[in-house]
Amino acid sequence: MLDMKIIRENLEEIEQCLRRRGGESYLDGFRSLDERRRALLKEGEALKALRNSVSDEIGRTKDKSLVQGKIVEMREVSQKIKGLDEELGEVDEQLNSFLLTVPNLPHPNTPHGRSEHDNVQVRTWGEPQTLAFTAKPHWDLGEALGILDFERGAKITGARFTLYRGAGARLERALINLMLDLHTESHGYQEVLPPFMVNRDSMQGTGQLPKFEEDLFKMVDPEFFLIPTAEVPVTNIHRGEILKKSDLPISYCAYTPVFAVRPDPMVRIPVA
């Protein structure tokens, strides 16, 4: 999530940068919310300073009858401060919700474009294979070989779910073992098996919420979300912790059986 101070101090530059993502004005409304927040803070702090000063004066006055008017006035000031603090809390909540929807800034070297056709080819490896026949998609091959059963997968669960059979199931298991063994034995990663359901903070911390909330599977009470990949729980392993530079880098790899059991991206925490 972008820092509010950074946005405030670089509003125009950030707005132009975000427009490169698709022409939308992602920061509409930020300025008005931010100005209202600062106005509430300024007014509230001034009233609190006044209340403290007058309260000290009232406390030093032995004959309270002499300061009854100020006592009544400070009660009114306290009520106003309470209202300002409540409104400030609402504005802070709106700003936080707003900032969670602001996407990451594209790197300055990212090519401008509106579709995949504007992508820039950086490098290639090998030569594309030329086939003497028309290649079939994997779903046709899988059914023909009897290793993918889409019909029964959909019957068991629903559309987009697949039942793996025989060599198909064995291939999935082999790929998982290949990935985990390769990275734990050769590349210095530590294997972890994280929970497959996480809380809202974990989803929010990895950018899944609030953007994808309508697309996620979740429980209501208690509120847990089914993870899309191991990246979500693995990234949250050290959330809220202060790590020593001497402990870095920390390297983890994991897989998660979501939709179909498959290898998952590794997460490496680099040296700061």
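Conventions used here
Residues numbered from 1 in each chain as written. Predicted model: local features only at pLDDT ≥ 70, side-chain atom pairs only at ≥ 80, totals over all residues. Heavy atoms only, no water. Helix = DSSP H or I, 4+ residues; strand = E, 2+ residues; numbered from the N terminus. Rg over C-alpha atoms; globule rule 2.2 N^0.38 Å. Buried < 20%, exposed > 50% of the residue type's maximum accessible area, 1.4 Å probe, protein only. Contact = heavy atoms within 4.5 Å. Areas by Shrake-Rupley, 256 points an atom, 1.4 Å probe, with all protein chains shown as cover. Lys, Arg positive; Asp, Glu negative; His and termini not counted. Charge placed at Lys NZ, Arg CZ, Asp CG, Glu CD. Core = buried A, V, L, I, M, F, W, Y, C linked by side-chain atoms within 4.5 Å. Pairing = 2+ DSSP bridges. 1 Å grid on protein atoms, 1.4 Å probe; cavity = no way out; pocket = protein on both sides within 12 Å on 5 of 7 lines; lining within 4 Å. Points joined across faces, edges and corners; volume = space filled by probe spheres on them. Nonpolar A, V, L, I, M, F, W, Y, C, P; charged D, E, K, R; others polar. Axes fitted to C-alpha atoms, helices over the stretch in contact; angles between N-to-C directions. Parallel < 35°, antiparallel > 145°, perpendicular 65-115°, else oblique. Left-handed = near helix turned anticlockwise from the far one by under 90°.

1. Overview of the overall build of the protein
Summing up its helical and strand segments, the protein has 9 helices and 10 strands in all. In terms of C-alpha radius of gyration, the protein reaches 28 Å, well past the compact-globule figure of 19 Å for 272 residues. Burial statistics for the protein: of 272 residues in total, 27% are counted as buried. Considering only contacts in the protein between residues 6 or more positions apart, those separated by 24 or more positions represent 61%. For the protein, the computed accessible surface area is about 19400 Å², with 52% contributed by carbon and sulfur atoms. Averaging the locations of the 36 positively and 43 negatively charged side chains of the protein gives two centres separated by 3 Å.

2. Some points on the nonpolar core
The biggest cluster of nonpolar side chains holds 25 residues, and the ones touching the most others in it are Ile7, Leu27 and Phe30. For this core, the elements supplying multiple residues, two or more each, are helix H1 (4-9), helix H2 (11-19), helix H3 (30-60) and helix H4 (68-100). Among the elements that take part in this core, H4 stands out by supplying 10 residues, more than any other.

3. What to know about the side chain of Gln208
Along the chain, Gln208 turns up in the loop between helix H8 (200-205) and strand S5 (218-219). Setting aside chain neighbours within four positions, we find Gln208 in contact with Met203, Glu213, Leu216, Pro228 and Val232.

4. Some words on the sheet that holds S5
Pairing within the open sheet is antiparallel, and its 3 strands lie in the order S4-S6-S5. Since the sheet does not close on itself, it has two edges, and those belong to strand S4 (197-198) and S5, each with one partner. Of the strand pairs in this sheet, S5 and strand S6 (residues 224-226) are connected by 2 bridges, and their pairing is antiparallel. Bridging from a neighbouring strand, Met219 pairs with Phe224 of S6.

5. So, the layout of surface pockets
Rolling a probe over the atoms, with the probe sized like a water molecule, indicates the empty space that remains. Put simply, the largest pocket is a space of about 460 Å³. Contributions of two or more residues to the lining of the largest pocket are made by H4 and H8. Taken together, the residues that form the lining of the largest pocket break down as 10 nonpolar, 5 polar and 2 charged.

6. Some points on the packing of H3 against H4
At a closest axis distance of 9 Å, the pairing of H3 and H4 adopts a crossing angle of 155 degrees. Classified by the angle between their axes, H3 and H4 sit roughly antiparallel to one another. Considering the relative orientation of H3 and H4, their crossing is left-handed. Residues of the contact of H3 with H4, tallied by class, amount to 18 nonpolar, 3 polar and 12 charged.

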